[in-house]
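# Structural description and commentary
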Amino acid sequence: MADSSGDWCTIESDPGVFTSLIESFGVKNVELTELWSLDDESLQTLTAPIEGVDNAAVHGLIFLFKWQRQSSSATASLEGRGTPLTGDAVPEGLFFAQQTVQNACATQAILSVLFNARDAIVAQEGGESKDEGDDNGRRLVLGQTLSNFKDFTCHFPPDLRGEAIGSSDEIRTAHNSFGRSEDAFLSDPTKPKRMATDDDDVFHFIAYVPHENGCVYELDGLQQGPIRVGEFKKDEADKDQWIKVARDAIQARLSNYSPTEIKFNLMAIVQDRRTYLNERLNALAAIGIEENDPAMVHIQSELHAEEEKRAQWALENARRHHNYLPFCVELLRSLAGSGKMDGLMTKAKTTAAEKRKRQQKS
């Protein structure tokens, strides 16, 4: 832990960013995937992503939305989301932390899902796991860093848990490693940071998780406690039932916005696709299916696509980390030194003026 929470940067809402962030903590067997629709068929693909797999793990949902003043806890019940639970009303074993530092909501929502994952494998001191066997990747492996943090804060109240997250050097450093490098060059450290006003779009991340008591909870660090949004039957054959309960809560939130509002993002923390693809390959091989069989070829192609996806994520993250500002400054210097800058600026001003005229006419 550090003496000061320091600065947390904003990070992009992207499955590649969040998956890499989780893996930097040492977490295994999970990835994030975007949801483009809330219909039943789309939700079912989370637990039954390919033929022969109908019980893939879904640990929680991460929802990004434009924050509104009525999102505060004082009006939570008016939106039909229930009242935040505090004290003894919070279910045993449900991890909830209040957000105490700015820009930490993305990582805090992710941690809310990871720390509430059912049957997660927790590491002991020295790196060994308390439980053996990850059930072919269905069980989330929490890793040493987060296992230590969860154990250290297990008896903390929500506000101190939030302070602990904000003060964790390991968590903050991992979070900030996915910020854009040019942000540091575009801000003046000698001046106070500009605070958001009512005219600015402010976005916020929250999480939805199932609990062993058969309820689904909304975990919003800006609230006083978790919010119970509904119940589900754990013994039902419909394994994505809790996701439908969360879906209904998200749709209720969406109903508070204008029909033209589209600035939302929904992701699920799910089982790493490579785990059940390999499991399926091994199952087919065990019953004597040849490698050139169409079923085997199809799964192998799916596995190859997953590896290519990971490689693309790594490339995109490398570009996010790279600081392009020195290149841009040097380019401007070169243009000015060659005498081309004035002509380009004049052309840009003319183009901008013509664009404004077209917009005014339309």
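These lines cover the structure that appears in this document, whether it is placed above or below. (Residues numbered from 1 in each chain as written. Predicted model: local features only at pLDDT ≥ 70, side-chain atom pairs only at ≥ 80, totals over all residues. Heavy atoms only, no water.)

### Here we look at the packing of aromatic side chains
Test applied: When two rings of Phe, Tyr or Trp (its six-membered ring) have centres within 6.5 Å they constitute a pair, described as stacked for plane angles under 30 degrees, edge-to-face for angles over 60, and tilted for the intermediate range. The rule is short: NZ of Lys or CZ of Arg within 6 Å of the ring centre and within 35 degrees of the ring normal puts a charge over the ring.
Going through the model one piece at a time under the given rule, you end up with seven aromatic pairs. A network of ring pairs unites the aromatic residues Phe 63, Phe 65, Tyr 257 and Phe 264 as a single cluster. In this structure, Arg 253 packs its charged tip against the face of Phe 65, placed 4.4 Å from the ring centre.

### A closer look at empty space enclosed by the protein
The method is simple in principle: a probe with the dimensions of a water molecule rolls over the atoms, and the space it marks as empty is what remains. Rules: Only protein atoms enter the 1 Å grid used here, on which a cavity is any set of points holding a 1.4 Å probe that cannot leave and a pocket is any open set flanked by protein within 12 Å on both sides along at least five of seven lines; residues with an atom within 4 Å of a point are listed as lining. Grid points are joined across faces, edges and corners, and a volume is the space filled by probe spheres set on the points. Each helix is a run of DSSP H or I of at least 4 residues and each strand a run of E of at least 2, with the numbering of both proceeding from the N terminus. Residues are grouped as follows: Ala, Val, Leu, Ile, Met, Phe, Trp, Tyr, Cys and Pro are nonpolar; Asp, Glu, Lys and Arg are charged; every other residue, Gly included, is polar.
Evaluated as defined, the whole model comprises two cavities of 30 Å³ or more. In this model, the largest cavity occupies a volume close to 50 Å³. Lining the largest cavity are 13 residues, and of these Gln 108, Ala 109, Leu 219, Asp 220 and Gly 221 lie nearest its centre. Put simply, the parts of the chain that give the lining of the largest cavity at least two residues each are α3 (105-115) and β5 (203-210). Across the lining of the largest cavity, the residue classes tally to seven nonpolar, five polar and one charged.

### What to know about the nonpolar core
The condition is simple: The definition of a nonpolar core used throughout is a set of buried Ala, Val, Leu, Ile, Met, Phe, Trp, Tyr and Cys residues joined through side-chain atoms within 4.5 Å. To sort residues, take the accessible area from a 1.4 Å probe on protein chains only and compare it with the maximum for the residue type: under 20% means buried, over 50% means exposed, and anything in between is partly exposed. Residue contacts are defined here by distance: any two heavy atoms, one from each residue, within 4.5 Å place the two residues in contact.
Ranked by size, the top nonpolar core spans 45 residues in total, and within it Phe 18, Ile 62, Leu 114 and Leu 146 carry the most contacts. The contact partners of Ile 62, leaving out residues within four places of it in the chain, are Leu 32, Ala 109, Ile 110, Val 113, Phe 205, Ile 206, Ala 207, Asn 265, Leu 266, Met 267 and Ile 269. With 22 residues, the next largest nonpolar core counts Phe 65, Ile 206, Tyr 208 and Ala 246 among its residues.

### As for the pattern of salt bridges
Selection criterion: Salt bridges are identified by distance alone: a Lys or Arg side-chain nitrogen within 4 Å of an Asp or Glu carboxyl oxygen.
In total, this model carries 19 salt bridges according to the counting rule given. Close ionic contact of Arg 253 with Glu 218 constitutes a salt bridge, the shortest N to O distance being 3.2 Å. Taken together, the residues span a long stretch of sequence, with Arg 253 in helix α8 (residues 241-254) and Glu 218 in strand β6 (residues 215-219) at a distance of 35 residues. For the pair Arg 253 and Glu 218, a shared accessibility class is recorded, and that class is buried. For Asp 248, the salt bridge goes to Arg 247, with nearest N and O atoms at 3.1 Å. Classification of Arg 247 by relative accessible area gives buried; the value is 11%.

### Considering the packing of α3 against helix α4 (residues 144-153)
When two helices pack together, you describe them by how their axes are tilted relative to each other and by the distance separating the axes. Test applied: Only the stretch in contact is used when a helix axis is fitted, and all axes are lines through C-alpha atoms; the angle between N-to-C directions ranges over 0 to 180 degrees. Angular relationships are summarised with four words: roughly parallel below 35 degrees, roughly antiparallel beyond 145, roughly perpendicular across 65 to 115, and oblique for the angles in between.
Where α3 meets α4, the closest approach of the two axes is 12 Å, and the angle between their N-to-C directions is 85 degrees. By the angle between their directions, the pair α3 and α4 is classed as roughly perpendicular. Taking contact as the criterion, the partners of Leu 111, Leu 114 and Phe 115 in α3 are, on α4, Leu 146, Phe 149 and Lys 150. Of the residues assigned to the contact of α3 with α4, the class counts are five nonpolar, no polar and one charged.

### Topic: the pairing of β6
Quick note on the threshold: The rule for pairing is simple: two strands pair if DSSP sees at least two bridges between them.
Across the five residues of β6, five count as buried, placing the element largely inside the fold. Every second residue of β6 is oriented toward a common face, with Cys 215, Tyr 217 and Leu 219 on one face and Val 216 and Glu 218 on the other, all of them buried. In this sheet, β6 lies alongside β5 in antiparallel orientation, the contact comprising four bridges. Bridge pairing links Ala 207 to Leu 219 in β6. The pairing of β6 with strand β7 (residues 227-231) spans four bridges and is antiparallel. Bridging across to β7, Tyr 217 finds its partner in Arg 228.

Read these as geometric descriptors, not functional statements.
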